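# Observations on the model geometry
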Amino acid sequence: VPLVASCCMSKSKTESVVETRDGRRLVRLPSVVRALDMDRSSIWRIRRRGWLRVTNIGGRLFCTQTDLNEFIRRARRGDFARRNLDPKTRQLMGAS
């Protein structure tokens, strides 16, 4: 049974948003990159750390709209923020 029921086509004729039969919206990763205004490598690191879940469908990466909204909410709250280390001393910057 196919998971995808219908899709919305963007101007470039590639699927950017796909709706599943159960009503979930899947967003293609290039659209996520544009929406978050981040570099592809940053999104890759975010995925690798498990902060944003993705699904591979037919060789294309998608994330659910719900997961994307949750990531944005947590990022605004500062859940992913961390203190910067001084590259020379490997200690927290500004710490005495």
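Look above for the structure.
Bear in mind that the values here come from a model prediction, so they are computed numbers and not experimental data.

Criteria and cut-off values
- Residues numbered from 1 in each chain as written.
- Predicted model: local features only at pLDDT ≥ 70, side-chain atom pairs only at ≥ 80, totals over all residues.
- Heavy atoms only, no water.
- Pairing = 2+ DSSP bridges.
- Helix = DSSP H or I, 4+ residues; strand = E, 2+ residues; numbered from the N terminus.
- Core = buried A, V, L, I, M, F, W, Y, C linked by side-chain atoms within 4.5 Å.
- Buried < 20%, exposed > 50% of the residue type's maximum accessible area, 1.4 Å probe, protein only.
- Contact = heavy atoms within 4.5 Å.

### Description of the pairing of strand E5 (residues 60-64)
Looking at chain direction, strand E3 (residues 25-28) and E5 are connected through 3 bridges and run antiparallel. By the bridge assignment for E5, Leu 26 is matched with Thr 64. Judged from the 3 bridges that link them, strand E4 (residues 55-57) and E5 form a sheet pairing that is antiparallel. The residue bridging Thr 55 from the neighbouring strand is Phe 62, located in E5.

### A few points about the nonpolar core
Counting residues in each nonpolar core, the largest one holds 12 residues, listed as Val 27, Leu 29, Val 32, Val 33, Leu 36, Ile 43, Ile 46, Leu 52, Cys 63, Leu 68, Phe 71 and Phe 80. When residues of this core are traced back to their parent elements, those giving at least two are helix H1 (29-36), helix H2 (40-48) and helix H3 (65-77). Top contributing element to this core by residue count: H1, with 4 residues. Setting aside its immediate chain neighbours within four residues, Leu 52 contacts Val 32, Ile 46, Arg 47, Cys 63, Asp 67, Leu 68 and Phe 71.

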